[in-house]
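These are the residues of each chain, in order.
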Amino acid sequence: MGLEGFSNNASGGMSPGEPLYAKTFNKLATSADKAQVGPSDGVLFTANNGGIGMYIPQSSQEDNSIIQQFQIFVEPYEVLGNTSDFSIIRVVKGEVVWKPKLLQEVVLPIDTCTTQTTIENWYALPTFPIIDDENSTFIGDGGIRVPKISDIPIGIFIFKANNLPVDVPPIIVAVPDYTPSCPVSFPGTPPVANAVWEVVKIGSVIYTSPDPEAEPPVGGGWSITQNFIGSLTLPGGGSSTPVPVTQSNLPAQLIKGDQSGAMPSPFQCQIVSVNGERYLQIAKGTIAYSASNMPFTQYGAFTHTKQAYATKVQICPEGMRTYGDIYPYWPFDDPPYSVTHWMEDGGGYKLSDTSNPIAIYAFKWDVDKDTLPFQGNPSVDTGLPTIAILADSNSTDINKVVKDCGPSIYQNTLNVQKMDGYEEEQLQLDWGHCHTTYLNPRKFGYNYKLIAAITPNTNVFEAFVTIDRPAIPAVQNMVQNIIFVGEASGGAVTISLGGLPSTIPFPVTDFYDLINPVYSDELTLINCLHSIPPIVIPGIDNPISLVGNVQVNKASSSSYYVTFVNQLQGVNLPLLQVNVSGVTKYQNKFDIVQYHTGMLDITTPMQFGMTQLMNKEGLNETDDPYYKNKDGTPEWKDIVNREDVVNCKNFSGDVTTDGMFGMSQFSNLNPEYGIANGCTGEGECNPFKVRRNGTVGDDVVYEICPGTVNNVVPDNIYDTFILVDGDSVWLRCDTRSSDNEYPYQIMVESGTTMPTDTDDFGYVKVAKVVNGKIEQYITGSLWTDRIKLGTLTATYYFARI
């Protein structure tokens, strides 16, 4: 197993033809240009800033090169048996991130969110037929068929309209290449009036006809120019200064989830209101926790730190769990609310309109699985953490979770003479004159963390209008700010200007319906303002309508800027008046106190102490304190917090073991005090130390401890060997003949006589069996170099690291 990607640096010069291997062996250092261990497919991981990600491997081509986002390929294509006249252009699917820029935008502080989509389908010209061959790696699950016409470049562009009344996703097209400009118009452009397009060129392809008569002959084929590869962020858009908001002006009914395309932090909470119901959404996240063999500690105390991934809570009040996407989806809903960053696969937990606070806990008991009397306990016997939503009024369940935290504690009683009657004698282990009893558990490790608290307060829904910028004739236009405070469950407001009310109401909540959906956004607000009758302006003969003379921008999730323009530019107008009598509201407003975001750490490392020495005749296995504790009445009677663990069950409400997944899929290599010759220091494992590893019949089996040669671990380091007196163990270091790379491969070998060095192989002896004992020649990792002069056999040098 080579540490590929690390270059070795040292003073003292370099070997001829071997630039990475130093001739001197002092003060070695390394520089890294790639990772040696990467994340496993589909495994989630967290960053130091609390973000969470998943490693998704890209597909590879036949030459093992990685296929990247928006990478262009041209392949042969057959039409009616003809493969010579046509090709197919393929482009790998990719992600586009952009900032919405709407028609009503003005130079004011606006919402700075972004959105994103994955381009999966072509919007092609009729001259380039879309080919669907079920290849899901590429846009359109296939490509675009093109004729082989010489010297006519075909460009691949991403077009994004940036000034429409509604935000539309980008499109990808293949067109005859040209230098694009804005605005643009070409056959196949979506029929959108007043569209101004941002254009990003992904690349182009061009075909060259072969010319065998040229001097020299010219080969034909497609040439690809790749202008861009990878996830694309479109430029431009709006103010870079976000508007500060407070909790008081963030009503849930105006929050439809995070539409920025950014993933929420692990365990981040938000409250959304959908069709008159409120839901608590919790972002998925990872939890670090401890897992030891408590209380089964026959083989020695150990603690593994593992990681779990939470996709739902395990304990919550009955009827609270809402599975799946709480936002109904329909084709014109942009963006679709099918993201799965939130628990319950994009769903949430329904909040009752009560004054009862709730809290979100994560907890974990350090108890081995399948241990009586904890078997079947859904919060203890899983070996994984548990997340619970508990109401403050539910003191019974809270008292099961809020317990004293601390590590697993062991004590041990050491007997200095051999005990009779132990099962381990059946394993033919050599105890000698020392024996360690089983470790005796004294306290189960436990940890819990409070993730967030949801606190209700009396809710009042109000609307305020302020002058954000007064009008100055010929200098600046008036800007008024409409602010909604509180949480509405439904209804709409009417808006008046100069005592003239709107005839179209403004809905303060979104209501989702496949036939007649209701949106609360800039478009519905401007429609409401347009319905206000024309207003009389002193000094102007005719009343002026707001149609075409007002612009709307969303300042935050609960406030809007209204700018008076055109015929009303520079005119000071009375404040808009908002009538909220048609709004229904929740009785209580919920505030989130977020105690934690990011990866959650509830580890509880083991502690060991209270060792005693004994020397008593006649003791046997039944006298061991471990067994007296284990088989007592009740089981494990001496563990001080045993009852806390036993009682951590029978929670009220909805209890499930689903939604928590262990991410550490490895075998536990626990320390064993019961190994052969365990009292003679045989348990030490220095690099390349040869030691006994049991017997097979009359043969003694040996193993070699892991070590490195030039930072490379031998390929078969974990093999075992049967050795007899006189046998030796050595390392064989191979040279690759094609380029003299050394060491190319390292192997462990054994036998009676170590081979002599050749140009291809160098050997170094590790150990030898003499009279049943190991004579050890190498006690650490090595550094090696190979020198070959002329026709002489190569010479090999080895030095300790």
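Conventions and cut-offs
- Residues numbered from 1 in each chain as written.
- Predicted model: local features only at pLDDT ≥ 70, side-chain atom pairs only at ≥ 80, totals over all residues.
- Heavy atoms only, no water.
- Helix = DSSP H or I, 4+ residues; strand = E, 2+ residues; numbered from the N terminus.
- Buried < 20%, exposed > 50% of the residue type's maximum accessible area, 1.4 Å probe, protein only.
- Contact = heavy atoms within 4.5 Å.
- Areas by Shrake-Rupley, 256 points an atom, 1.4 Å probe, with all protein chains shown as cover.
- Salt bridge = Lys/Arg side-chain N within 4 Å of Asp/Glu carboxyl O.
- Pairing = 2+ DSSP bridges.
- Core = buried A, V, L, I, M, F, W, Y, C linked by side-chain atoms within 4.5 Å.
- Phe/Tyr/Trp six-rings, centres within 6.5 Å; stacked < 30°, edge-to-face > 60°.
- Polar contact = N/O pair within 3.5 Å; in protein donor to acceptor, adjacent residues only side chain to side chain.
- Axes fitted to C-alpha atoms, helices over the stretch in contact; angles between N-to-C directions.
- pLDDT = per-residue confidence, 0-100.

(A) Spatial organisation of the overall build of the chain. A tally of helices and strands in the chain yields five helices and 53 strands. By residue count, 45% of the 801 residues in the chain fall in the buried class. Look at the contacts in the chain between residues 6 or more apart in sequence, and 66% of them connect residues 24 or more apart. When the accessible surface of the chain is summed, it comes to about 38700 Å², and 52% of that surface belongs to carbon and sulfur atoms.

(B) Structural context of the pattern of salt bridges. This model, assessed by the stated rule, comprises 20 salt bridges. Between Lys443 and Asp404 there is a salt bridge, with the nearest N and O atoms lying 3.2 Å from each other. With Lys443 in strand 29 (residues 440-443) and Asp404 in the loop between helix 2 (395-401) and strand 27 (409-415), the pair connects residues that are 39 residues apart, well separated along the chain. Classification of Asp404 by relative accessible area gives exposed; the value is 57%. The partner of Glu635 in a salt bridge is Arg642, with the nearest N and O atoms 3.9 Å apart. When salt bridges that share partners are traced, they join Arg278, Asp353 and Glu487 into one network.

(C) Structural context of the sheet that holds strand 24 (residues 348-351). Across the sheet, four strands lie side by side as 18-19-24-23; this open sheet has antiparallel pairing. Only two strands of the sheet have a single neighbouring strand rather than two, namely strand 18 (269-274) and strand 23 (321-322). As paired elements, strand 19 (residues 277-282) and strand 24 share three bridges and run antiparallel to each other. Counterpart to Arg278 in the pairing with strand 24 is Leu351.

(D) Expanded view of unusual backbone geometry. Pro295 follows Met294 through a cis peptide bond whose omega is -5°. Topologically, Pro295 is positioned in the loop between strand 20 (285-292) and strand 21 (303-310). Note that the residue after Thr633, namely Pro634, is joined by a cis bond; omega there is 0°. By secondary structure assignment, the location of Pro634 is in the loop between helix 4 (625-630) and helix 5 (642-646). The phi torsion at Asn566 lies on the positive side, around 55°, for a residue other than glycine.

(E) Seen up close, the nonpolar core. Counting residues in each nonpolar core, the largest one holds 32 residues, and the members touching the most others are Phe484, Ile495, Leu529 and Phe564. Elements with a minimum of two residues in this core: strand 32 (479-485), strand 33 (488-497), helix 3 (522-530), strand 36 (550-556) and strand 37 (559-564). With residues near it in sequence (within four places) discarded, Ile495 still touches Ile482, Leu500, Pro501, Ser502, Leu525, Cys528, Leu529, Ile532, Leu576, Gln577 and Val578. Counting residues in each nonpolar core, the second largest holds 30 residues, with Leu280, Tyr289, Ile360 and Leu600 among its members.

(F) Representation of the packing of aromatic side chains. Enumeration according to the criterion identifies 15 aromatic pairs in this entry. Considering the side-chain rings of Phe73 and Phe138, the 5.8 Å spacing of their centres and the 85° angle between planes classify their relative orientation as edge-to-face. One end of the pair, Phe73, is in strand 7 (residues 72-76); the other, Phe138, is in the loop between strand 11 (130-132) and strand 12 (142-147), and 65 residues separate them in sequence. Here Phe73 falls in the buried class, since its relative accessible area comes to 12%. Phe138 sits in the buried class, given a relative accessible area of 6%.

(G) Spatial organisation of the environment of Tyr77. With respect to the secondary-structure elements, Tyr77 resides in the loop between strand 7 and strand 8 (86-91). Assessed through its relative accessible area of 23%, Tyr77 is described here as partly exposed. Taking the C-alpha atoms as reference points, Tyr77 and Ile131, 54 residues apart in sequence, are found 9.8 Å from one another. Not counting chain neighbours up to four residues away, the residues in contact with Tyr77 comprise Asn82, Thr83, Phe86, Ser87, Ile88, Ile131 and Arg145.

(H) Examining helix 3 more closely. Along helix 3, the positions that sit buried rather than exposed are Glu522, Thr524, Leu525, Ile526, Cys528 and Leu529. Against strand 33, strand 35 (506-507), strand 36 and strand 37 lie the buried residues of helix 3. The N-cap residue of helix 3 is Asp521: its side-chain oxygen and the backbone nitrogen of Leu523 are 3.2 Å apart.

(I) Broad picture of the side chain of Thr371. Position of Thr371 relative to the elements: it lies in the loop between strand 25 (358-365) and strand 26 (386-391). Among the polar contacts made by the side chain of Thr371, one reaches the main-chain carbonyl oxygen of Asp368 at a distance of 2.8 Å.

(J) Structural view of the sheet that holds strand 44 (residues 660-662). Ordered by their spatial adjacency, four strands build an open sheet running 41-20-21-44, and the pairing between neighbours is mixed. This sheet does not close on itself; its edge strands, each paired only once, are strand 41 (600-602) and strand 44. Averaged over all adjacent pairs, the angle separating strand axes in this sheet is 30°, with direction ignored. With eight bridges joining them, strand 20 and strand 21 adopt antiparallel strand pairing. Among the inter-strand pairings, Thr286 is bridged to a residue of strand 21, identified as Tyr309.

(K) Region of the structure containing the pairing of strand 52 (residues 782-787). Within strand 52, five of the six residues are buried, which leaves the element mostly enclosed by the surrounding structure. Across six bridges, strand 52 lies against strand 53 (residues 795-800) in antiparallel orientation. Across the sheet, the residue bridging to Thr784 is Phe798, located in strand 53.

(L) Local environment of the environment of Arg800. Within the secondary structure layout, Arg800 lies in strand 53. Among residues more than four places away in sequence, those in contact with Arg800 are Thr779, Gly780, Ser781 and Leu782.

(M) View of the confidence of the model for the chain. This prediction gives the chain a mean pLDDT of 76; 74% of its residues lie at or above 70. A low-confidence stretch, residues 1-64 (pLDDT under 50), is modelled with 120 contacts involving residues beyond four sequence positions or located in other chains.

(N) Focus on the pairing of strand 32. Most of strand 32 sits inside the fold, with six of its seven residues counted as buried. Where strand 31 (residues 462-469) and strand 32 come together, seven bridges link them in antiparallel fashion. Residue Arg469 lies in a different strand from strand 32, and its bridge partner there is Val479. Of the strand pairs in this sheet, strand 32 and strand 37 are connected by five bridges, and their pairing is antiparallel. Paired with Asn481 across the strands is Tyr561, a residue of strand 37.

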